[in-house]
Amino acid sequence: MARMSLRQQAARALRGVAWRIERPPRGARRQAAPPPDVGALASTDSAPGSRTASWFFEQFPRFYMTSSTHPTTARLNLRYEAIFGENRDVFAGASVLDLASHDGRWSLAALANGARSVTGIEARPDLVKAAAENLGEYGYGADRARFITGDVHEVLSTQDFEADVVLCLGFLYHTLRYNELLAGIRRTNAGYLIIDTFSPHMMGPAPNVNVITEDADEEGKAAADAYTHGPSVLVGRPNLAAIRTMLGAYGYRVERLSDWAGLLRDNPGTDNCGDYANGRRITARCVSANAARPAVT
Ligand SMILES: C[S@@+](CC[C@H](N)C(=O)[O-])C[C@H]1O[C@@H](n2cnc3c(N)ncnc32)[C@H](O)[C@@H]1O
């Protein structure tokens, strides 16, 4: 198992306490004031009351404990609604590839929404172990869920995957290797790609990528890969226009963005979602231009 830094150990020790403090009492969830910056989101046409959260992860509380990366109740459960609640139709019977699968939170959600099987790829061995344990604990064995330890780009380029749906959640801003990533996703023949990503200048009209470095020592950040020099990893944050351009180059397009405005409207008092509320983070359902799978020759 990879050794945890002191900071990671401290975060892990504290998070069990933290999620309990953060979680509002059951009755309070729908009565607290909405986040002040909700208005910055594009308007929604969903009916008020139609986007009330199901609090999916209350059935699977291990996921509040096995990650240090935003495992807070509100954020995890609203992300569930944006990623799965609005896209249930694509998961029935699907084989799913979960990139940067972390502790298996979204792999489990895919299976619970009818996926036939899930393969997760995750660089950090301790998270792969946690994912296998979490899924096993909730009744999904290796026949339904398998997890591969490795760099996403490396694994995609060296192994063959067939998938109906690819999940790229919380990962697009931890890489600059877009051609490798998208070529790998393209090779899976997936009809759908769900992207959940942070992006600065989200509403800007011109494609741009904000280039930064991340500390490879932090659990939720980019993992060191074959190109890493020193302790930091070079990564980019593409805006929506850049994401559209990149997807187009590989035969995908954004079909729709999840209704975060409606989610935040109907679930007031949910903190830790400011990036979604102010439009700096999105959940996008993307579809392959040739959704029909080519015949196997
Ligand atoms: C922000 S977390 C997102 C976790 C989860 N997918 C989610 O959306 O909640 C980023 C994850 O990407 C993993 N990761 C970072 N760089 C990676 C790489 N090159 N290959 C595989 N996993 C990587 C991290 O270990 C971490 O689990």
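Peer 1: Pulling in residues and values, what's your account of the overall build of the chain?
Peer 2: The helix and strand tally for the chain stands at 9 helices and 9 strands. In the chain, which comprises 297 residues, the proportion classed as buried is 54%. Sequence-distant contacts in the chain: of pairs separated by 6 or more residues, those separated by 24 or more amount to 78%. Just so you have it, the chain exposes about 13100 Å², and 55% of that area is on carbon and sulfur atoms.

Peer 1: Any chance you could break down a nonpolar patch on the surface for me, citing the residues and the numbers?
Peer 2: Judged by side-chain polarity, Leu-176, Val-209, Val-211 and Leu-234 come together as a nonpolar surface patch covering roughly 310 Å² of accessible area. Tracing the backbone shows Leu-234 in strand β7 (residues 232–238). Here Leu-234 falls in the exposed class, since its relative accessible area comes to 52%.

Peer 1: So what's going on with the pattern of salt bridges? Which residues, and what values?
Peer 2: Under the defined criterion, the tally for this structure stands at 15 salt bridges. Linking Glu-133 and Lys-129 is a salt bridge whose minimum nitrogen-to-oxygen distance equals 2.9 Å. Placement of the pair is Glu-133 and Lys-129 together in helix α4 (residues 125–137), with a separation of 4 residues, close to one helical turn. On the accessibility criterion, Glu-133 (39% relative accessible area) is partly exposed. The class of Lys-129 is partly exposed, set by a relative accessible area of 42%. Close ionic contact of Arg-177 with Glu-180 constitutes a salt bridge, the shortest N to O distance being 2.7 Å. With a relative accessible area of 31%, Glu-180 lands in the partly exposed category. What you see here is one network of salt bridges that share partners, running through Asp-151, Arg-177, Glu-180 and Asp-225.

Peer 1: Could you give an account of the site of the ligand, naming the residues involved and the relevant values?
Peer 2: Around the ligand, the surrounding shell holds 23 residues, and the nearest of these are His-102, Arg-105, Glu-122, Asp-151 and Leu-169. Taking Trp-106, its side chain carries an N or O atom lying 3.0 Å from an oxygen atom of the ligand. Val-152 is positioned such that a nitrogen or oxygen atom in its backbone is 2.9 Å from a nitrogen atom of the ligand. Compared with its free state, where it exposes 590 Å², the ligand has 98% of that area covered by protein.

Peer 1: Which residues make up the confidence of the model for the chain, and what values go with them?
Peer 2: The predicted model of the chain has a mean per-residue pLDDT of 86, with 82% of residues at 70 or higher. In this model, residues 10–41 is a region of pLDDT below 50 whose contacts with residues beyond four sequence positions or in other chains number 56 contacts. Here residues 293–297 is a poorly scored stretch, pLDDT under 50, and it has 6 contacts once near neighbours within four places are set aside; other chains count.

Peer 1: Outline unusual backbone geometry, listing residues and values.
Peer 2: A positive phi angle is found at Trp-55, which is not glycine, with a value near 55°. Assignment of secondary structure puts Trp-55 in the loop between α1 (6–22) and α2 (73–85). With a phi angle near 55°, His-102 is a residue other than glycine that sits in the positive phi range. For His-102, the location among the structural elements is in the loop between β1 (95–99) and α3 (105–112).

Conventions used here
Here the residue numbering is sequential within each chain, running from 1 through the sequence in written order. The model is predicted, so local features are restricted to residues of pLDDT at least 70 and side-chain atom pairs to those at 80 or more, both for listing and for counting; the totals for chains, interfaces and linings are taken over all residues. Hydrogens are left out, water is left out, and the side-chain values use all remaining heavy atoms of the structure. Here a helix means four or more residues in a row that DSSP labels H or I, a strand means two or more in a row labelled E, and each is numbered from the N terminus. Partly exposed describes any residue whose relative accessible area lies between the buried limit of under 20% and the exposed limit of over 50%, with all areas from a 1.4 Å probe on protein chains only and scaled to the type maximum. Contact between two residues is taken to exist if any of their heavy atoms lie within 4.5 Å; hydrogens are not considered. Reported accessibility uses the Shrake-Rupley method at a 1.4 Å probe radius. Residues are deemed covered only where the shown protein chains occlude them. For patches, a residue must show more than 30% relative accessible area and have no salt bridge; joins then use 9 Å for like charges and 5 Å for nonpolar side chains, namely Val, Leu, Ile, Met, Phe, Trp and Tyr. The term salt bridge refers to a side-chain nitrogen of Lys or Arg lying within 4 Å of a carboxyl oxygen of Asp or Glu. By convention in these notes, a residue is near a molecule or strand provided one of its non-hydrogen atoms lies within 4 Å of it. In protein, a polar contact requires one atom able to donate a hydrogen and another able to accept it; more generally it is a pair of N or O atoms within 3.5 Å, and residues adjacent in sequence count only if both atoms are side-chain atoms. A score from 0 to 100, pLDDT tells how confident the predictor is in each residue.

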